[in-house]
Amino acid sequence: MKTSNPVLARLGQAAQRERAAGYAQPGPYGQPGYPQQYAPYQQQYPTGVGYPAAPPTVTPMTLDDVVVKTVMLLGILGASAAAAWVLVPDALVGVAWIGAAVVGLVLGMIISFSRMANPALVVAYSIVEGVFVGMVSKAFESLYDGIVLQAVTATFGVFFLMAVLYKARVIRATPKFVKGMIAVMAGLFAVMLINLVLALFGVNTGLRDGSPLAIGFSLVCIVVASLSFVLSFHEVEEGVRMGLPQRYSWIAAFGILVSLVWLYLEILRLLSYFQGDD
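Here is a short report on the structure shown in this document. Please read these numbers as outputs of a predicted model, since none were measured by experiment. Once a new chain begins, its residue numbering starts again from 1 and follows that chain's sequence as written. In view of the model being predicted, local features appear only for residues whose pLDDT reaches at least 70, and side-chain atom pairs are presented and counted only at 80 or more, with totals across whole chains, interfaces and linings using the full set of residues. With hydrogens and water excluded, all non-hydrogen atoms of the structure serve as input to the side-chain values.

Some remarks on the overall build of the protein chain
Part 1: Across its full length, the protein chain carries eight helices and zero strands.
Part 2: For the exposure calls, accessible area comes from a 1.4 Å probe over protein chains only, and a residue counts as buried if that area is under 20% of its type's maximum, exposed if over 50%, partly exposed in between. Put simply, the protein chain has 278 residues, and 44% of those count as buried.
Part 3: Contacts are assigned to residue pairs with any non-hydrogen atoms lying within 4.5 Å of each other. The long-range fraction of contacts in the protein chain, counting pairs at least 24 apart against all pairs at least 6 apart in sequence, stands at 78%.
Part 4: Here, Shrake-Rupley sampling with a 1.4 Å probe gives the accessible areas, and only protein chains in the shown set may cover a residue. Just so you have it, the protein chain exposes about 14500 Å², and 70% of that area is on carbon and sulfur atoms. Note on conventions: DSSP H or I runs of at least 4 residues are helices, E runs of at least 2 residues are strands, and numbering of each starts at the N terminus.

What to know about the packing of aromatic side chains
The relative placement of two aromatic rings is captured by the distance of their centres and the angle of their planes.
Part 1: Each pair of aromatic rings taken from Phe, Tyr and Trp, with Trp reduced to its six-membered ring, is defined by centres within 6.5 Å and is described as stacked if the planes are under 30 degrees apart, edge-to-face if over 60, and tilted in the remaining cases. Applying the stated criterion to the full structure yields six aromatic pairs.
Part 2: Ring centres of Phe159 and Phe160 lie 5.4 Å apart, and the angle between their planes is 70 degrees; this geometry places the pair in the edge-to-face category.
Part 3: The exposure class of Phe160 is exposed, given its relative accessible area of 51%.
Part 4: Consider the rings of Phe159 and Phe229, whose centres lie 5.1 Å apart with planes at 80 degrees: the pair is edge-to-face. Of this pair, Phe159 sits in helix α5 (residues 147-167) while Phe229 sits in helix α7 (residues 212-241), placing them 70 residues apart in sequence.
Part 5: For Phe229, a relative accessible area of 0% gives the class buried.
Part 6: It is Arg169 that lies over the ring of Tyr166; its NZ or CZ is 4.9 Å from the centre. By definition, being over a ring means that NZ of Lys or CZ of Arg is both within 6 Å of the ring centre and within 35 degrees of the ring normal.

Let's talk about the packing of helix α6 (residues 175-200) against α7
The angle between the axes and the distance between the axes are what describe a pair of packed helices.
Part 1: Axis lines are fitted to C-alpha atoms, over the contacting stretch for helices. Their N-to-C directions set the angle, which ranges from 0 to 180 degrees. Packing of α6 against α7 brings their axes to within 11 Å, and their N-to-C directions diverge by 135 degrees. One way to sum up the angle between α6 and α7 is to call them oblique. At the point where α6 passes α7, the crossing takes the left-handed sense. Contacts between α6 and α7 pair Phe177, Val178, Met181, Val184, Met185, Leu188, Val191 and Met192 from the former with Phe217, Val220, Cys221, Val224, Leu227, Ser228, Val230 and Leu231 from the latter. We call two directions roughly parallel when the angle between them is under 35 degrees, roughly antiparallel when it is over 145, roughly perpendicular when it lies between 65 and 115, and oblique otherwise. Left-handed describes a crossing whose near helix is turned anticlockwise from the far helix by less than a right angle; the clockwise case is right-handed.

Points about the pattern of salt bridges
Part 1: Definition used for salt bridges: Asp or Glu carboxyl oxygen within 4 Å of a side-chain nitrogen of Lys or Arg. If you walk through the whole model with that rule in mind, you get four salt bridges.
Part 2: Among the salt bridges present, the one from Asp90 reaches Lys138, with a minimum N-O distance of 3.0 Å. Of this pair, Asp90 sits in the loop between α2 (63-87) and α3 (93-113) while Lys138 sits in helix α4 (residues 119-143), placing them 48 residues apart in sequence.
Part 3: A salt bridge links Glu238 to Arg241; the nearest nitrogen and oxygen atoms lie 2.7 Å apart. Here Glu238 and its partner Arg241 are both found in helix α7, three residues apart, which amounts to about one turn of the helix.

What about the layout of surface pockets?
Part 1: A cavity, in this analysis, means grid points on a 1 Å lattice covering only the protein atoms where a 1.4 Å probe fits yet has no way out; a pocket is instead an open set bounded by protein on both sides within 12 Å along at least five of seven lines, and a residue lines either one if it has an atom within 4 Å of a point. Grid points are joined across faces, edges and corners, and a volume is the space filled by probe spheres set on the points. A volume near 530 Å³ is recorded for the second largest pocket.
Part 2: Mapped by element, the contributors of at least two residues to the lining of the second largest pocket are α2, α5, α7 and α8 (249-274).

Describing unusual backbone geometry
One can expect most non-glycine residues to show negative phi and most peptide bonds to be in trans.
Part 1: Although it is not a glycine, Arg169 sits at a positive phi angle of roughly 65 degrees.
Part 2: On the secondary structure map, Arg169 appears in the loop between α5 and α6.

As structure tokens, this is what we get:
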């Protein structure tokens with residue numbers, strides 16, 4: 001199963017590894033794919049008929065698992081953001097902002113490219129990312145009263161809209177759609193990285209200064225972040241269909257969380273452009 005979401009890219013590979021480890025090992029019963037511990041299932045699945053959806057000792061992932069994990073991670077992130085907002089002094093907001101961003105990036109990269117689903121790392125990422133989101137939100141709220149509530153409302157509104165559109169099959173993760181999203185997301189990432197490096201050297205590219213170009217760039221980012229949910233929903237659907245182990249629901253929930261945070265930050269920035277002259 002191929003994916004265009006770098007966060008969920010390991011799901012298809014995980015399915016293949018689980019099948020190779022659980023089904024394809026030769027056993028003493030002359031049936032490829034049935035290790036000795038699955039001998040009681042020999043009669044139920046004779047040679048040539050097929051294999052069970054998941055090994056008897058492995059609980060397959062369900063949609064409910066992903067929903068529960070996603071809500072749990074959002075709760076952790078929200079609590080962490082609220083705690084950071086209240087506890088971190090105004091003088092240290094910038095330091096906490098940068099520190100949480102760096103640590104969150106490192107944890108995100110480890111989770112994204114790790115071969116194992118590690119709930120502890122995912123929870124740790126949610127906590128650190130909560131500090132980052134809290135500091136960013138506090139900074140924006142200090143400049144524009146009420147902007148955080150507006151951004152949160154818009155973010156979840158977009159998320160539920162995309163869920164409805166995907167459920168109704170109005171938007172589908174076709175091969176062309178996936179390839180297009182890969183190209184656009186890679187391009188946006190490159191542009192944002194270059195813009196960040198140039199900003200560190202005092203070069204203003206106009207992409208984040210509230211100009212018409214900046215507004216257009218933020219709108220593009222919001223659209224792409226919204227469409228990334230379609231990729232995540234598709235990966236979850238495929239993961240459930242292929243019988244991935246339950247622990248991979250953490251990876252799926254993590255991918256959705258990353259898209260939510262990205263969308264929220266872009267909406268927050270866009271709203272600030274329209275309130276900049278107040």
